[in-house]
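As a plain string of letters, each chain reads:
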Amino acid sequence: MHFAKQHSVFIHVPKTGGNFFTRCFLRFSDDAMVTSGHQDGADRFELSGDTTKSKHQTLAEYKDLIGPGFADYTVYAFARPPVERMISLYYSPHRWMRKKDGGGFDLDARNEPIDLAEFKALVSSNKSISDLLDAGNISGRLKVNETAQHASGARVSLLDFADLRGGLEKFGRENGFDLTDMPAQKVNSSAVNDPMALNAGQVDRLRQIILESHHGEDQQFFPRKGIKGLIDSLARFFNR
């Protein structure tokens, strides 16, 4: 999402609260929401603008479209640990939308454990946070709640999904946006009731698939956690 007057862009990393960010800040941006097919304009939509060509546009794409002036920009994004994020993405409602015979769409969720072959394909085909932020061209180590510099000159501010409201307030404060009427938080929730219970016997294998993929690089943004800490954080998210 592009905020030309503020020299800011927001990179929407899937499953990190980007839809709620859009509800809060679209009105201040240079972009517009567009919908088609099963998209409902709340949890499922696209964005369009002079320099925003897709909802999940990358830092590198914004840099190319904005040009030399990008050096004066601040890039914001929320980060979420890769294991938690990929499991959430697997059960994301948009993956289970099916056309109804009489028109419209139903949420045809499969309340069953993750299919490992399907999960491997999902992990392989989706960009990591490092990909979306062009992390290979960021100086030093970028971590949540810190700022680093991209090779273009732009600043990159990485917000923590674990404190979504705090990150939204920081973005609003730094860009001069009034959030006294911030909408009630709404999360694009999982298509199943308890992903952790469904996958209790294969969490270690799911973790291995993710961390041995390109998403493993995203661990660099977070403090180290043992497997118990990982399981606890996943359980807290899916059961809140």
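Residues numbered from 1 in each chain as written. Predicted model: local features only at pLDDT ≥ 70, side-chain atom pairs only at ≥ 80, totals over all residues. Heavy atoms only, no water.

Chemist: Before we go on, may I ask you to explain the overall build of the protein chain in this structure?
Modeler: Each helix and strand counted, the protein chain has nine helices and nine strands in total. The buried share of the protein chain, taken over its 240 residues, is 48%. Contacts in the protein chain between residues far apart in sequence, at least 24 positions, make up 67% of those at least 6 positions apart. As displayed, the protein chain offers around 11,500 Å² of accessible surface, 46% of which is attributable to carbon and sulfur atoms. (Helix = DSSP H or I, 4+ residues; strand = E, 2+ residues; numbered from the N terminus. Buried < 20%, exposed > 50% of the residue type's maximum accessible area, 1.4 Å probe, protein only. Contact = heavy atoms within 4.5 Å. Areas by Shrake-Rupley, 256 points an atom, 1.4 Å probe, with all protein chains shown as cover.)

Chemist: In this structure, what is going on with unusual backbone geometry? I would like to understand it.
Modeler: Where the residue is not glycine, phi is negative for most of them; where a peptide bond is considered, it is trans in most cases. Positive phi values are uncommon outside glycine, yet His7 reaches one of about 55°. Mapping His7 onto the fold places it in the loop between strand S1 (2-3) and strand S2 (8-11). Residue class for His7 comes out partly exposed when judged on its relative accessible area of 33%. A positive phi is found at Asp134, a non-glycine position, where the angle reads about 50°. Position of Asp134 relative to the elements: it lies in the loop between helix H5 (129-132) and strand S8 (146-149).

Chemist: What is the right way to look at the packing of helix H1 (residues 18-25) against helix H6 (residues 164-175) in this model?
Modeler: Working note: a packed helix pair is described by the angle between its axes plus the distance between those axes. Remark: H1 packs on H6, axes separated minimally by 11 Å, with the N-to-C direction vectors making an angle of 40°. Relative to H6, the crossing made by H1 is right-handed. Contact with H1, carried on its side by Phe20, Phe21, Cys24 and Phe25, involves Leu164, Leu168, Phe171 and Gly172 of H6 and no other residues of that element. A class-by-class count of the residues in the contact of H1 with H6 yields seven nonpolar, one polar and no charged. (Axes fitted to C-alpha atoms, helices over the stretch in contact; angles between N-to-C directions. Left-handed = near helix turned anticlockwise from the far one by under 90°. Nonpolar A, V, L, I, M, F, W, Y, C, P; charged D, E, K, R; others polar.)

Chemist: Would you mind showing me how to read the pairing of strand S5 (residues 74-79) here?
Modeler: For a regular strand, side chains alternate in direction, first toward one face of the sheet and then toward the other. Within S5, six of the six residues are buried, which leaves the element mostly enclosed by the surrounding structure. Residues Thr74, Tyr76 and Phe78 point to one face of S5 and Val75, Ala77 and Ala79 to the other, with burial holding for every one of them. Looking at chain direction, S2 and S5 are connected through four bridges and run parallel. Along S5, the bridge assignment pairs Phe10 with Tyr76. Both S5 and strand S9 (residues 155-160) contribute to a ladder of six bridges, which runs parallel. Considered in S9, the bridge of Ala77 is made with Leu158. (Pairing = 2+ DSSP bridges.)

Chemist: Where do I start with the sheet that holds S2 in this structure?
Modeler: The pairing of strands in a sheet comes from backbone hydrogen bonds and takes either a parallel or an antiparallel form. Spatial ordering of the open sheet is given by S1-S2-S5-S9-S8, a layout of five strands whose pairing is mixed. The two strands at the open ends of the sheet, each matched to only one other strand, are S1 and S8. The pairing of S1 with S2 spans two bridges and is antiparallel. Residue His2 lies in a different strand from S2, and its bridge partner there is Val9. In this fold H6 packs onto S1, S2, S5 and S9, with an angle of close to 170° to the strand it touches most, S5.

Chemist: Would you mind showing me how to read the packing of aromatic side chains here?
Modeler: Any pair of aromatic rings gets described here by the distance separating the centres and the angle formed by the planes. In the structure shown here, the tally under the stated rule is 16 aromatic pairs. On the basis of an interplanar angle of 85° and a centroid distance of 4.7 Å, the ring pair of Tyr76 and Phe171 is categorised as edge-to-face. Of this pair, Tyr76 sits in strand S5 while Phe171 is found in helix H6, placing the two residues 95 residues apart along the sequence. For the pair shown, Tyr76 and Phe171 are each scored as buried. Members of the aromatic cluster, each reached through a chain of ring pairs, are Phe3, Phe10, Phe21, Phe25, Phe28, Tyr76, Phe78, Phe171 and Phe177. (Phe/Tyr/Trp six-rings, centres within 6.5 Å; stacked < 30°, edge-to-face > 60°.)

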